[in-house]
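# Summary of the model geometry
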Amino acid sequence: QVQLVESGGGLVQPGGSLRLSCAASGRIFSINAMGWFRQAPGKRRELVALITSGGSTTYQDSVKGRFTISRDNAKTTVYLQMNNLKPDDTAVYYCTAEGDPLGLGHYYDYWGQGTQVTVSS
């Protein structure tokens, strides 16, 4: 069983910063892409940022230049550095990973439980 555990959410004022972390654990052979999605009340879940095992990154247009996604050398932990936060960034942030649990080349999508980010004065 693969588990993704997120941390780092909270309440911050507009213009402030937060750093989210997500660590993968459990029975997993390899992880391909990892990323962050978010879901605000009454809205659909949307991609925020994605990073492949090779280090290529993709960002939602609204966070480009403000958010940075990165991974550790073991490639089992993903981070999201969020700067210049805006009230529109308020949402539950979910970590996701594309993992192969048995080394058979079959990849599955795994999700964390979500962490709340609130940007408000």
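Residues numbered from 1 in each chain as written. Predicted model: local features only at pLDDT ≥ 70, side-chain atom pairs only at ≥ 80, totals over all residues. Heavy atoms only, no water.

### Let's talk about the pairing of strand β3 (residues 18-26)
Relative to β3, strand β1 (residues 2-7) runs antiparallel, the two being bridged by six bridges. By the bridge assignment for β3, Glu-6 is matched with Cys-22. Where β3 meets strand β8 (residues 77-82), six bridges bridge the pair, whose relative direction is antiparallel. Bridge pairing in β8 links Ala-23 to Thr-77. (Pairing = 2+ DSSP bridges. Helix = DSSP H or I, 4+ residues; strand = E, 2+ residues; numbered from the N terminus.)

### Observations concerning the environment of Thr-68
Following the sequence through the fold, Thr-68 ends up in strand β7 (residues 67-71). In this structure Thr-68 comes out as partly exposed when scored by relative accessible area, which is 43%. Once residues within four sequence positions are removed from consideration, Thr-68 is found in contact with Tyr-59, Tyr-79, Leu-80 and Gln-81. (Buried < 20%, exposed > 50% of the residue type's maximum accessible area, 1.4 Å probe, protein only. Contact = heavy atoms within 4.5 Å.)

### Observations regarding the state of the cysteines
Summed over all chains, the structure comprises one disulfide. Bridging Cys-22 to Cys-95, the disulfide has an S-S length of 2.0 Å. With the S-S bond torsion at -80 degrees, the cross-link from Cys-22 to Cys-95 turns out left-handed. Of the two residues, Cys-22 sits in strand β3 while Cys-95 sits in strand β9 (residues 91-100), which places them 73 residues apart along the sequence. Given the relative accessible area of 0%, Cys-95 is considered buried. (Disulfide = S-S within 2.5 Å.)

### Topic: the environment of Thr-52
With respect to the helices, strands and loops of the structure, Thr-52 is situated in the loop between β5 (46-51) and β6 (57-59). C-alpha of Thr-52 to C-alpha of Ser-70: the two residues are 18 residues apart in sequence and 9.6 Å apart in space. Setting aside residues no more than four positions away along its own chain, Thr-52 makes contact with Asn-32, Ala-33 and Arg-71.

### Comments concerning unusual backbone geometry
The phi angle of most residues is negative, glycine excepted, and most peptide bonds adopt the trans form. One non-glycine residue, Asn-84, lies in the positive phi region at around 50 degrees. With respect to the element layout, Asn-84 can be found in the loop between β8 and β9. Accessibility expressed as a relative area gives 42% for Asn-84, which makes it partly exposed.

### A short note on the sheet that holds β7
An order of β1-β3-β8-β7 is seen for the four strands of this open sheet, with the pairing classed as antiparallel. Of all the strands in the sheet, just β1 and β7 have a single pairing partner and so form its edges. For this sheet, the mean angle separating the axes of adjacent strands, direction not counted, is 15 degrees. Two strands pair when backbone bridges link them, and β7 and β8 are joined in this way by five bridges, in the antiparallel orientation. Along β8, the bridge assignment pairs Ser-70 with Tyr-79. (Axes fitted to C-alpha atoms, helices over the stretch in contact; angles between N-to-C directions.)

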